[in-house]
Amino acid sequence: MENTKTIRIAALDVFRAVTMFLMLFVNDIPGLKNIPHGLLHAAANEDMLGFSDIIFPGFLFAMGMAIPYAIDARYKKGDTTVQIIMHILKRTVILLIMGLFTVNIGDLNPEKTGLSYNVYVLLMALGFFLAWSVYPKSHDWKDKLFKFMQIVGILLLVYLWLTFKTKDGAGFTPQWWGILGLIGWTYLASAAIYLFTRDNLMYNAIAVAVIIMISLISAAGLFKGIALAEIFPSEATLYAFGMAGVWTGVFLKKYAGGERIRTFFIVMPALGIVSLIGALITHQFWIISKIQATPTWFFYCCAIFFPFFTLIYWLTDIQKKSHWFNLIKPAGTVTLTCYIIPYAWYSVQWMLGLKYPALLTSGLPGIIKSLVFSLIIIGIAWILMKLKVRLKI
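**Student:** Before we move on, can you summarise the packing of aromatic side chains with the specific residues and values?
**Tutor:** Enumeration according to the criterion identifies 27 aromatic pairs in this entry. On the basis of an interplanar angle of 75 degrees and a centroid distance of 5.0 Å, the ring pair of Phe 241 and Trp 297 is categorised as edge-to-face. Of the two residues, Phe 241 is situated in helix α9 (residues 236–255) and Trp 297 in helix α11 (residues 295–318); the sequence distance between them amounts to 56 residues. On the basis of relative accessible area, Phe 241 is assigned to the buried category, the value being 0%. Residue Trp 297 is classed as buried on the basis of its relative accessible area, which comes to 1%. The ring of Tyr 69 is capped by Lys 253, whose NZ or CZ atom sits 6.0 Å from the centre of that ring. Its end group placed over the ring of Tyr 356, Lys 369 keeps NZ or CZ at 4.5 Å from the ring centre.

In structure tokens, the structure reads:
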């Protein structure tokens with residue numbers, strides 16, 4: 001009989017925390033001079049796996065791993081399937097809205113909009129926190145205050161959406177949906193598939209294989225001219241990262257702890273080797289490209305994720321060394337808060353005219369500056385969490 005008992009896995013939070021910390025880092029290093037080219041994103045047609053190209057798919061992989069645990073927790077709380085579907089749709093819509101805001105602000109025209117870029121971004125971040133913060137249940141007048149704050153946040157975002165204008169006078173457009181939007185679409189697809197496959201490893205493996213096949217067919221150009229290929233936003237490769245994470249989460253639920261843990265330490269590294277073989281084969285046909293979302297990029301990233309997560313699991317859940325990651329731990333629990341804070345940080349920095357010394361804008365000192373910056377953002381998120389202020393959707 002299979003062990004389906006849900007066990008708290010520290011590695012899930014730590015893997016997500018490491019990914020978020022590195023996402024803050026790679027988002028801060030553009031603009032630094034004299035740093036290794038390999039740290040940056042590869043150009044659209046450049047055959048290279050830059051360090052920055054690994055972080056976003058790592059986040060999708062982490063998100064996928066959490067889905068089986070999150071949905072099962074809702075079932076155990078008594079939620080019906082309909083309620084869970086509504087929750088999934090709600091989270092997706094919010095992520096899409098946030099993604100649209102963050103991807104469009106780069107085209108904002110202050111003269112046509114009536115707000116400076118930095119003021120607009122600050123109001124955007126404020127709107128996010130007012131609308132989607134976790135407010136404590138007080139069962140008194142505070143509940144009405146919190147509801148009022150949520151309404152103010154939503155109205156503020158509506159105002160920003162209505163007033164937004166580009167140089168050409170255009171409003172919001174989906175463009176590429178932004179990072180949060182792509183996360184939203186991947187979450188929707190992965191969570192919807194899991195509702196059908198649940199904890200069946202074979203069904204989830206089939207789902208992963210089908211999506212990888214769609215990615216390969218798409219990369220081969222065989223979907224061109226087929227209207228159905230345009231129905232799903234983003235690339236199939238992104239959904240493959242999410243579902244690879246879902247499969248890993250299901251596998252972890254079945255084999256974490258007890259005598260069967262040996263299977264985990266055999267299968268996960270083996271999947272890394274299989275992924276590497278897949279990368280070497282597909283590299284004969286397509287370049288490594290995050291921007292093009294090539295299958296080669298997917299396989300090389302998975303060749304890293306499977307063994308890396310195995311290492312994290314061994315450290316945190318077997319060796320009980322999760323405290324080694326305490327400094328970045330909040331990034332694994334208030335992840336969305338960590339992602340939004342830099343928008344406000346950069347805007348305030350520019351409004352106050354604060355600039356880093358020249359020493360911190362180049363080479364190793366600049367890299368260290370960005371690492372420290374990432375830790376500061378996580379620290380701010382931790383302080384906000386202690387003050388009961390955190391984004392959660």
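Next, the rest of the story.
**Student:** Report on the confidence of the model for the chain, specifying residues and quantitative values.
**Tutor:** Mean pLDDT over the chain works out to 92, with 95% of the residues at or above the 70 mark. Confidence drops under pLDDT 50 across residues 1–6; counting only partners more than four residues distant or on other chains, this segment forms 12 contacts.

**Student:** Account for the environment of Gly 181, naming residues and giving values.
**Tutor:** Assignment of secondary structure puts Gly 181 in helix α7 (residues 178–197). Sequence spacing of Gly 181 and Thr 102 is 79 residues, and the spatial spacing of their C-alpha atoms is 9.2 Å. Beyond its immediate chain neighbours, meaning those up to four positions away, Gly 181 contacts Leu 95, Leu 96 and Gly 99.

**Student:** Break down the packing of helix α5 (residues 117–132) against helix α6 (residues 141–163) for me, citing the residues and quoting the values.
**Tutor:** When two helices pack together, their arrangement is captured by the angle between the axes and the distance separating the axes. As a packed pair, α5 and α6 sit with axes 7 Å apart at the nearest point and diverge in direction by 145 degrees. The crossing of α5 and α6 is left-handed. Between α5, through Tyr 120, Leu 123, Met 124, Leu 126, Gly 127, Phe 128, Leu 130, Ala 131 and Trp 132, and α6, the contact on the second element is made entirely by Met 149, Gln 150, Val 152, Gly 153, Ile 154, Leu 156, Leu 157, Leu 160, Trp 161 and Thr 163. Per-class residue counts for the contact of α5 with α6 are 15 nonpolar, 4 polar and no charged.

**Student:** Which residues make up the side chain of Thr 237, and what values do they have?
**Tutor:** In this fold, Thr 237 is placed in helix α9. A distance of 2.8 Å separates a polar atom in the side chain of Thr 237 from a polar atom in the side chain of Ser 215. There is a polar contact of 2.7 Å between the side chain of Thr 237 and the backbone oxygen of Ala 293.

**Student:** Residue-level account of the pattern of salt bridges, with values.
**Tutor:** As enumerated under the stated definition, the model contains 6 salt bridges in all. Across the salt bridge formed by Arg 198 and Asp 72, the nearest N and O atoms sit 3.0 Å from each other. Highlighted residues: Arg 198 in the loop between α7 and α8 (201–219) and Asp 72 in helix α2 (residues 52–76), separated in sequence by 126 residues. Judged by relative accessible area, Arg 198 falls into the partly exposed class, the value being 29%. The class for Asp 72 is buried, based on a relative accessible area of 9%. A salt bridge links Asp 199 to Lys 253, with the nearest nitrogen and oxygen atoms 2.8 Å apart. Linking Asp 199 in the loop between α7 and α8 with Lys 253 in helix α9, this pair joins segments that are 54 residues apart in sequence. Judged by relative accessible area, Asp 199 falls into the buried class, the value being 19%. The structure contains a network of salt bridges with shared partners spanning Asp 72, Arg 198, Asp 199 and Lys 253.

Quick notes on the rules
Residues numbered from 1 in each chain as written. Predicted model: local features only at pLDDT ≥ 70, side-chain atom pairs only at ≥ 80, totals over all residues. Heavy atoms only, no water. Phe/Tyr/Trp six-rings, centres within 6.5 Å; stacked < 30°, edge-to-face > 60°. Helix = DSSP H or I, 4+ residues; strand = E, 2+ residues; numbered from the N terminus. Buried < 20%, exposed > 50% of the residue type's maximum accessible area, 1.4 Å probe, protein only. Lys NZ or Arg CZ within 6 Å of the ring centre and 35° of its normal. pLDDT = per-residue confidence, 0-100. Contact = heavy atoms within 4.5 Å. Axes fitted to C-alpha atoms, helices over the stretch in contact; angles between N-to-C directions. Left-handed = near helix turned anticlockwise from the far one by under 90°. Nonpolar A, V, L, I, M, F, W, Y, C, P; charged D, E, K, R; others polar. Polar contact = N/O pair within 3.5 Å; in protein donor to acceptor, adjacent residues only side chain to side chain. Salt bridge = Lys/Arg side-chain N within 4 Å of Asp/Glu carboxyl O.

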